[in-house]
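Architecture at a glance
The lines below spell out each chain.
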Amino acid sequence: MSTTTDTPALRTRPRPDRLTTAAGRSLLAICALHTLAFSLHPYWADWLAGPLRTTEASLDEAAQFLGLPGGFVLPGILLALLLIRLGRQGGRALAAFGPVLGLWALGCVWILGPSGFLFVLVPAALLVLARLKGGPAAAA
């Protein structure tokens, strides 16, 4: 008599982490809303013409560039997509992600005042809750 069974081994799929996935989706929504809100900004034509590569740009125009196309949206979208994928695979972000994202948002609110940065506290809190819930972390 054999000790092995004749039934094929069942592949188990990790259970998705809904909190991490929700954090990614909320961050993606924030980035999309930020882009939509500022897509009709009056400096776009000037930026595309290239004055920021010369000394012709005003300080206000340069500051607006850093807040809009040169800001957090592209890295935010990449982080959001990473979190969504990680959550779907059943993983969680490293423990520092939630607190650091939350502290960054609070620092920006402290400097700027009540603004869209308050929305960033939602994905930050979801990431903290996902870590508190326990389970495997993402491989470093």
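Quick note: structure is the one above.
Just so we're clear, the structure is a prediction, and the values are computed from it rather than from any experiment. Throughout, residues of each chain are indexed from 1 in the direction in which the sequence is written. Thresholds applied to this predicted model are a pLDDT of at least 70 for local features of residues and 80 or more for the giving and counting of side-chain atom pairs; totals over whole chains, interfaces and linings are not thresholded and use all residues. Side-chain figures throughout are based on the complete set of non-hydrogen atoms in the structure, without hydrogens or water.

**Side note on the overall build of the protein**
Going by this rule: Here a strand is any run of E in DSSP of at least two residues, a helix any run of H or I of at least four, and the numbering for each starts at the N terminus. Throughout this description, buried means an accessible area under 20% of the type-specific maximum (1.4 Å probe, protein chains only), exposed means over 50%, and partly exposed covers the range between. We call two residues in contact whenever any of their non-hydrogen atoms come within 4.5 Å of each other.
In terms of regular secondary structure, the protein is built from six helices and zero strands. When the helices and strands of the protein are listed from N to C terminus, the series reads α-α-α-α-α-α. For the protein, with 140 residues in total, the buried portion stands at 30%. Relative to all contacts within the protein whose residues are 6 or more apart in sequence, the contacts with residues 24 or more apart total 70%.

**What about the packing of aromatic side chains?**
Selection criterion: Pairing of aromatic rings covers Phe, Tyr and Trp, the last through its six-membered ring, and needs centres within 6.5 Å; plane angles under 30 degrees mean stacked, over 60 mean edge-to-face, and all others mean tilted.
Enumeration according to the criterion identifies three aromatic pairs in this entry. Both rings, one in Phe72 and one in Phe117, keep their centres 6.2 Å apart while their planes meet at 45°; by these two values the pair is tilted. Of this pair, Phe72 sits in the loop between helix H3 (59-67) and helix H4 (73-88) while Phe117 sits in the loop between helix H5 (97-112) and helix H6 (121-133), and the two are 45 residues apart along the sequence. Plain terms: the ring middles of Trp104 and Phe117 are 5.3 Å apart, the flat faces sit at 85° to each other, and that makes the pair edge-to-face. Here Phe117 lies in the loop between H5 and H6 and Trp104 lies in helix H5, a separation of 13 residues in the sequence. Assessed through its relative accessible area of 36%, Trp104 is described here as partly exposed.

**Observations regarding H4**
The condition is simple: A helix is expected to reach a length of 1.5 Å times the quantity of its residues less one.
For H4, which comprises 16 residues, the first-to-last C-alpha distance of 22 Å matches the rise-based estimate of 22 Å (1.5 Å per residue) to within 8%. The elements touched by buried residues of H4 are helix H1 (18-38) and H6. The first or second residue beyond H4 is Gly90, which carries a positive phi of 85°.

**Let's talk about the pattern of salt bridges**
We apply this condition: The working definition used for a salt bridge is a side-chain nitrogen of Lys or Arg within 4 Å of a carboxyl oxygen of Asp or Glu.
By the definition in use, this model includes two salt bridges. Notably, a salt bridge pairs Arg92 with Asp17, separated by 3.0 Å at the nearest N-O pair. Taken as a pair, Arg92 in the loop between H4 and H5 and Asp17 in the segment before H1 lie far apart in primary sequence, 75 residues in all. Here Arg92 and Asp17 have matching classes, each one buried. Between Asp17 and Lys133 there is a salt bridge; the shortest N-O distance is 3.3 Å. You can see Asp17 sitting in the segment before H1 and its partner Lys133 sitting in helix H6, a full 116 residues away along the chain. One network of salt bridges, in which partners are shared, links Asp17, Arg92 and Lys133.

**Brief notes about a nonpolar patch on the surface**
The condition that has to hold: Candidate patch residues must exceed 30% relative accessible area and have no salt bridge, after which like charges are joined if within 9 Å and Val, Leu, Ile, Met, Phe, Trp or Tyr side chains if within 5 Å. Only the protein chains shown count as cover for residues, and all accessible areas are computed by the Shrake-Rupley method using a 1.4 Å probe.
Residues Leu82, Leu94 and Phe97 make up a contiguous nonpolar surface patch of about 240 Å² in total accessible area. Summarising the element assignment, Leu82 is placed in helix H4. Residue classification places Leu82 among the partly exposed positions, given a relative accessible area of 47%.

**Describing the nonpolar core**
Basically, it comes down to this: We call a set of buried residues a nonpolar core when its members are Ala, Val, Leu, Ile, Met, Phe, Trp, Tyr or Cys and they connect through side-chain atoms within 4.5 Å of each other.
Of all hydrophobic cores here, the largest spans 11 residues; its members are Ala23, Ile30, Leu83, Leu86, Ala93, Leu101, Ala105, Val120, Ala124, Leu126 and Leu127. Those elements that provide at least two residues to this core are H1, H4, H5 and H6. If you tally residues by element for this core, the top one is H6, at three residues. Sequence-distant contacts of Leu83, defined by excluding residues within four places in its chain, comprise Thr20, Thr21, Gly24, Ala93 and Leu127.

**Overview of H5**
So the rule is basically this: As used here, the arc belongs to the directions running from the helix axis to the C-beta atoms.
A rise of 1.5 Å per residue sets the reference length of H5, with its 16 residues, at 22 Å; its end C-alpha atoms lie 22 Å apart and thus fit the reference within 8%. Those residues of H5 that fall on the buried side of the exposure criterion are Gly98, Leu101, Gly102, Ala105, Cys108 and Val109. Within H5, the buried residues cover an arc of 125° as seen down the axis, which keeps them to one side. Across from the buried face of H5, at angles greater than 90 degrees, the exposed residues are Val100, Leu103, Trp110 and Ile111. Tucked inside the fold, the buried residues of H5 contact H6.

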